[in-house]
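Coordinate inspection notes
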Amino acid sequence: MKVRYLHTMVRVLDLEKTMAFFHLLGLEETRRIDNEKGRFTLVFMAAPGQPECPVELTWNWDGDDGLPSDSRHFGHLAYRVEDIYEMCQRLMDAGVTINRPPRDGHMAFVRSPDNISIELLQEGEALPPQEPWASMQNTGHW
């Protein structure tokens, strides 16, 4: 039996804030569904050239009392990036906390506005350790 990845769905509290966060990661909106009867919006975002690997942002028009919760039961989304230091700097400059800095030049974790854990992995070999990342401490959890 064949299995094919479709998408990862996460519930969000503030659709615009969350879309702006994923846009910082380089993702683009690929599809949107507004369901008036169900009173929700689904926004699919994916990395350029990878529409087959989207994250589905589910926003309930009437709110969601459970958000933002810890969401660690969900796990995390993972994205491979060309330059982990450049991506972390871009996120930090936009006010995103780097929860687990890329001290090893290979892996970092951040959280979305809805507390979704995002793993960033360096493409190819790890980059040489570089400041300020090499001595930066963890913040919170991921």
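Let us look at the structure shown here. (Residues numbered from 1 in each chain as written. Predicted model: local features only at pLDDT ≥ 70, side-chain atom pairs only at ≥ 80, totals over all residues. Heavy atoms only, no water.)

A short note on the pattern of salt bridges
Within this structure, the stated rule accounts for three salt bridges. Of the charged contacts in the structure, one is a salt bridge between R32 and E29, with a shortest N-O distance of 2.9 Å. Judged by relative accessible area, which is 38%, R32 ranks as partly exposed. Judged by its relative accessible area of 37%, E29 falls in the partly exposed class. We note a salt bridge from R100 to D104, for which the minimum N-O separation is 3.4 Å. (Salt bridge = Lys/Arg side-chain N within 4 Å of Asp/Glu carboxyl O. Buried < 20%, exposed > 50% of the residue type's maximum accessible area, 1.4 Å probe, protein only.)

Remarks on the sheet that holds strand 8 (residues 117-122)
Pairing in this open sheet of four strands is mixed, and the strands run 5-8-7-6 from one edge to the other. A single partner strand is all that each edge strand has here, and the edge strands are strand 5 (77-81) and strand 6 (98-100). Within this sheet the neighbouring strands show an average axis-to-axis angle of 35°, counted without direction. Taken together, the five bridges between strand 7 (residues 107-111) and strand 8 define a ladder with antiparallel strand orientation. Opposite V110, over in strand 8, you have I118 as the bridge partner. Strands in contact with helix 2 (residues 84-93) are strand 5, strand 6, strand 7 and strand 8; relative to strand 8, the strand with the most contacts, it is inclined by about 145°. (Pairing = 2+ DSSP bridges. Helix = DSSP H or I, 4+ residues; strand = E, 2+ residues; numbered from the N terminus. Axes fitted to C-alpha atoms, helices over the stretch in contact; angles between N-to-C directions. Contact = heavy atoms within 4.5 Å.)

It is worth stressing that arrangement in space is one thing and function is another; only the former is reported here.
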